[in-house]
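# Examining the three-dimensional arrangement
What follows is the residue order along each chain.
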Amino acid sequence: MKFSILTLFPEVIEAYVSASIVGRARQKGVVSIEAINFRDFSTDVHRKVDDSPFGGGSGMVLTCQPLESAYESLLPLQQPARVLMTTPTGRRFDHRFALELSEAQHVVLFCGHYEGFDERIKTLIPEMEEVSIGDYVLTGGELPALSIVDAVTRLLPGAVQKFTSVEADSFYDGLLDYPHFTRPAEYKGLKVPEVLLSGNHAAIEQWRKAQALERTRRLRPDLLES
Ligand code: SAM
């Protein structure tokens, strides 16, 4: 699977995707990730990629030309492909969305900056979908793009050493994860639940399921409804 990330800050992307589980998945060839500076595609003499908004107001808007040209340099995309614009106004990114993206061969991510994109980019690239990582506003689309790359990569076979650990994580089966404990069995008077020390795997499994259900009911009842 391939990710192409169009950004003004490829070094931010590169630093993150070179480390830890995503970095190893890259080395193993599970995923390929390229960060492309769309400033390199600007036809402006000063390599400008933004301009002031028509109608006035504060902030700068990303112009269509460098983004469109950078995108065209990627064509043809490996199919099936998904093309995503990061924006607070988009569809909320969640586990289901991550699973959908994990089916693609090629995911293109546009990282905005300043006030965001000239609206016409959506008409120029009609296959583009809008994606948000939550109801708050960041300064740029790099963290949203990296969140998506990370969440999707760990769903790919071979990215995480034991896929059973991915399946046991929150949201995979619709529930939140159960609580985890490690050594020592007692720390500052705080004891690990007895059942986890029992060696009785059936009892441990049952306890974990019950904990996951109780936690979901208490913290995220909306997950049980859906
Ligand atoms: N004017 C935009 C608005 O109010 O919806 C916000 C632009 S934001 C300052 C700059 C860029 O950061 C956006 O173009 C987008 O790429 C990214 N961004 C910020 N918050 C985001 C979020 N919650 N989800 C996805 N992308 C986000």
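Moving on, we come to the domain arrangement of the chain. For the chain, the assigned domains read domain 1 (2-153) and domain 2 (170-225). The gap between the C-alpha centroids of domain 1 and domain 2 is 37 Å.

Below, the discussion takes up the site of the ligand. In the region of the ligand, 21 residues are neighbours, and Thr86, Gly112, Glu115, Tyr136 and Leu138 sit closest. Thr87 places a main-chain nitrogen or oxygen 3.3 Å from a nitrogen atom of the ligand. Here a nitrogen atom of the ligand and a backbone polar atom of Leu138 are 3.0 Å apart. Protein contacts shield 84% of the accessible area of the ligand, which totals 580 Å² for the unbound molecule. Residue assignment for the shell around the ligand shows that the elements contributing at least two residues are strand E5 (81-92) and strand E7 (128-132). Residue contributions to the shell around the ligand peak at four residues, all from E5.

Mapped onto the elements of the fold, Thr216 is located in helix H8 (residues 201-219). A relative accessible area of 0% means that Thr216 is categorised as buried. Here the side chain of Thr216 touches Leu176 through a polar contact of 2.9 Å, landing on its backbone nitrogen. For Thr216, the contacting residues outside a window of four places in its chain are Gly174, Leu175, Leu176, Pro221, Leu223 and Leu224.

Here we take up the nonpolar core. Membership of the largest hydrophobic core comes to 30 residues, with the highest contact counts inside it found for Phe3, Ile5, Ile33, Phe93, Leu109 and Val152. A per-element tally of this core places helix H6 (residues 142-153) first, with five residues. Beyond its immediate chain neighbours, meaning those up to four positions away, Val152 contacts Met1, Phe3, Phe93, Ala98, Leu101 and Ser102. Formed by 20 residues, the second largest nonpolar core is a distinct cluster that contains Leu6, Leu67, Tyr71 and Ile125.

Rules behind the numbers
- Residues numbered from 1 in each chain as written.
- Predicted model: local features only at pLDDT ≥ 70, side-chain atom pairs only at ≥ 80, totals over all residues.
- Heavy atoms only, no water.
- Domains from an automatic or database assignment.
- Near = heavy atom within 4 Å.
- Polar contact = N/O pair within 3.5 Å; in protein donor to acceptor, adjacent residues only side chain to side chain.
- Areas by Shrake-Rupley, 256 points an atom, 1.4 Å probe, with all protein chains shown as cover.
- Helix = DSSP H or I, 4+ residues; strand = E, 2+ residues; numbered from the N terminus.
- Buried < 20%, exposed > 50% of the residue type's maximum accessible area, 1.4 Å probe, protein only.
- Contact = heavy atoms within 4.5 Å.
- Core = buried A, V, L, I, M, F, W, Y, C linked by side-chain atoms within 4.5 Å.

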